[in-house]
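Structural overview for review
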Amino acid sequence: MTSRHDASARPLPLNQILAGDCIEVMNALPEASVDLIFADPPYNLQLRGDLHRPDNSRVDAVDDHWDQFSSFAAYDQFTREWLAAARRLLKPNGALWVIGSYHNIFRVGAELQNQGFWILNDVVWRKSNPMPNFRGKRLTNAHETLIWCSKSEASKYTFNYEALKSLNEGIQMRSDWVLPICNGGERLKDEHGDKAHPTQKPEALLHRVLIGTTNPGDVVLDPFFGTGTTGAVAKMLGRDFIGIEREDGYRDAASKRMARIRRLHAEALATSTGKRAEPRVPFGQVVERGMLRPGEELYSTGNRHKARVRADGSLTGGQIKGSIHQVGARLEGAPSCNGWTYWHFKREGKMIPIDALRQQIRDEMDERPN
């Protein structure tokens, strides 16, 4: 057996599908080496006999041996062990997503909290084309639940707010996602034309998860890799993946799938960022660099107020002195003011916001070699 000391010295097997039991394989990988884990564990569906449609045809339900557990206690023990192994692998600021149905997600959620994970959101994936309830004795199961959690309450996890907002036509992304199940040409088939995997997830779901909570170059691990949706989307989006899968048939299907995926060009991988993500530029730097001179006049939006630039990067407007934000707020009688967009300077008879000077400095920062 590989010791944890030995594991820490081993390089990460990036962009590989590893064979074996997920708990044993995870425990053999270096500690604190993964940015994100996406897990689609067995649901423990507790099916009782075959399920048939109204025309008496048999439904291809999840009845594989890997989804069978002798009891809830056995499933809970399995959950404790794989989550502990996953927690060990995550970097301090890493995060984990787990997806499940009503059969298992509440048990998994409780264990997440028991182990110290900090739940950030539960997301309802509402299926736009769910399988109907053929027996007519229950509501149609039209959703699955995802839990997104950081390794700890103090973790500085990745959240690309603006990128998700952009995916949603400029509206803040909500925690209910309407997406179709995997079907059509995306659904992998075996040599007999049957589903290669009964619970293959749609790439659209993983696209949203990875765009929103990882960055290019991050390491994404999937301990229940199946036919490789996580790896396919990660590779396309410029993330590194590690897959773990014990079933030979699924590994073979996933390997063939990975070989067909091409990584997007770097320019296509760039995502929207908010102002908070841009480097901070103090107004004093504008003055230091001579982009504005001490004594030069600035004009408010609407040209109602004036102020002069001082050598230390502060402004003076009549009897009011302070930062570009403070002086603007005092003159307007407002609780706050964004001085970068409020103040303007004149060049060749045109009024130009001082934010243009800040952006010029930021552009120069982006051009510097790393």
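All values reported here derive from a predicted model rather than from experimental measurement.

Scanning the protein from terminus to terminus reveals 13 helices and 14 strands. Counting the 370 residues in the protein, one finds 44% classified as buried. Across the protein, the fraction of contacts at a sequence separation of at least 24, relative to all contacts at a separation of at least 6, is 67%. On the protein, roughly 20,000 Å² of surface is accessible, and the fraction owed to carbon and sulfur atoms is 48%.

Where strand 9 (residues 297-300) lies against strand 10 (residues 306-309), three bridges are found, and the strand directions are antiparallel. Counted as the bridge partner of E297 is R308 from strand 10. Between strand 9 and strand 10, which follow one another and run antiparallel, lie five residues, and G302 among them has a positive phi close to 85 degrees.

A word on the environment of I352. Mapped onto the secondary structure, I352 falls in strand 14 (residues 350-353). Look at I352 and you get partly exposed, because its relative accessible area is 26%. Between the C-alpha atoms of I352 and T341, which are eleven residues apart in sequence, the distance is 9.5 Å. Setting aside chain neighbours within four positions, we find I352 in contact with W343, H344, F345 and R347.

Glancing now at the nonpolar core. Side chains of nonpolar character tend, in soluble globular proteins, to be buried together. Counting residues in each nonpolar core, the largest one holds 32 residues, and the members touching the most others are W97, L146, W177, L205, V209 and L210. Every residue in contact with L210, bar those within four places of it in the chain, is listed here: L36, V220, T230, V233, A234, L237 and R239.

What follows deals with the sheet that holds strand 2 (residues 34-39). Read across the open sheet, the eight strands follow the order 1-8-7-2-3-5-4-6; overall the sheet is mixed. At either end of the open sheet lies a strand with only one pairing partner, and these are strand 1 (16-19) and strand 6 (176-179). When the angles between neighbouring strand axes are averaged without regard to direction, this sheet yields 20 degrees. Where strand 7 (residues 219-222) and strand 8 (residues 240-245) come together, four bridges link them in parallel fashion. Within strand 8, the position partnered with D222 by the bridge is G243. Against the sheet, helix 3 (residues 72-89) touches strand 2, strand 3 (90-100) and strand 7, its axis set at about 145 degrees to strand 3. Lying over the sheet, helix 6 (residues 203-213) contacts strand 2, strand 3, strand 4 (118-127), strand 5 (143-150), strand 6 and strand 7, oriented at roughly 140 degrees with respect to strand 6.

A word on the confidence of the model for the protein. Chain-level pLDDT for the protein is 87 on average; 88% of the residues reach the 70-or-more range. Overall, residues 47-54 carries pLDDT values under 50, and its contacts beyond four positions in sequence, including any with other chains, amount to 18 contacts.

What follows deals with the sheet that holds strand 13 (residues 343-347). The strand order across the open sheet built from six strands is 12-11-10-9-13-14, with neighbouring strands paired in antiparallel fashion. Only two strands of the sheet have a single neighbouring strand rather than two, namely strand 12 (320-322) and strand 14. Averaged over all pairs of adjacent strands, the angle between strand axes in this sheet comes to 35 degrees, irrespective of strand direction.

Okay, the side chain of S150 next. Note that S150 resides in strand 5. You can call S150 buried: its relative accessible area is 1%. Within polar-contact distance, the side chain of S150 engages the backbone oxygen of S152 at 2.7 Å. If we ignore the near neighbours within four places in the chain, the residues touching S150 are G94, A95, F117, W118, L120, S155 and Y157.

With that settled, the discussion passes to helix 4 (residues 105-114). Within the sequence span of helix 4, burial applies to I105, V108, G109, E111 and L112. In a view along the axis of helix 4, the buried residues occupy a sector of 165 degrees, so they form one face of it. Seen from the open side of helix 4, the exposed residues pointing more than 90 degrees away from its buried face are F106, Q113 and N114.

Thresholds applied
Residues numbered from 1 in each chain as written. Predicted model: local features only at pLDDT ≥ 70, side-chain atom pairs only at ≥ 80, totals over all residues. Heavy atoms only, no water. Helix = DSSP H or I, 4+ residues; strand = E, 2+ residues; numbered from the N terminus. Buried < 20%, exposed > 50% of the residue type's maximum accessible area, 1.4 Å probe, protein only. Contact = heavy atoms within 4.5 Å. Areas by Shrake-Rupley, 256 points an atom, 1.4 Å probe, with all protein chains shown as cover. Pairing = 2+ DSSP bridges. Core = buried A, V, L, I, M, F, W, Y, C linked by side-chain atoms within 4.5 Å. Axes fitted to C-alpha atoms, helices over the stretch in contact; angles between N-to-C directions. pLDDT = per-residue confidence, 0-100. Polar contact = N/O pair within 3.5 Å; in protein donor to acceptor, adjacent residues only side chain to side chain. Arc of directions from axis to C-beta.

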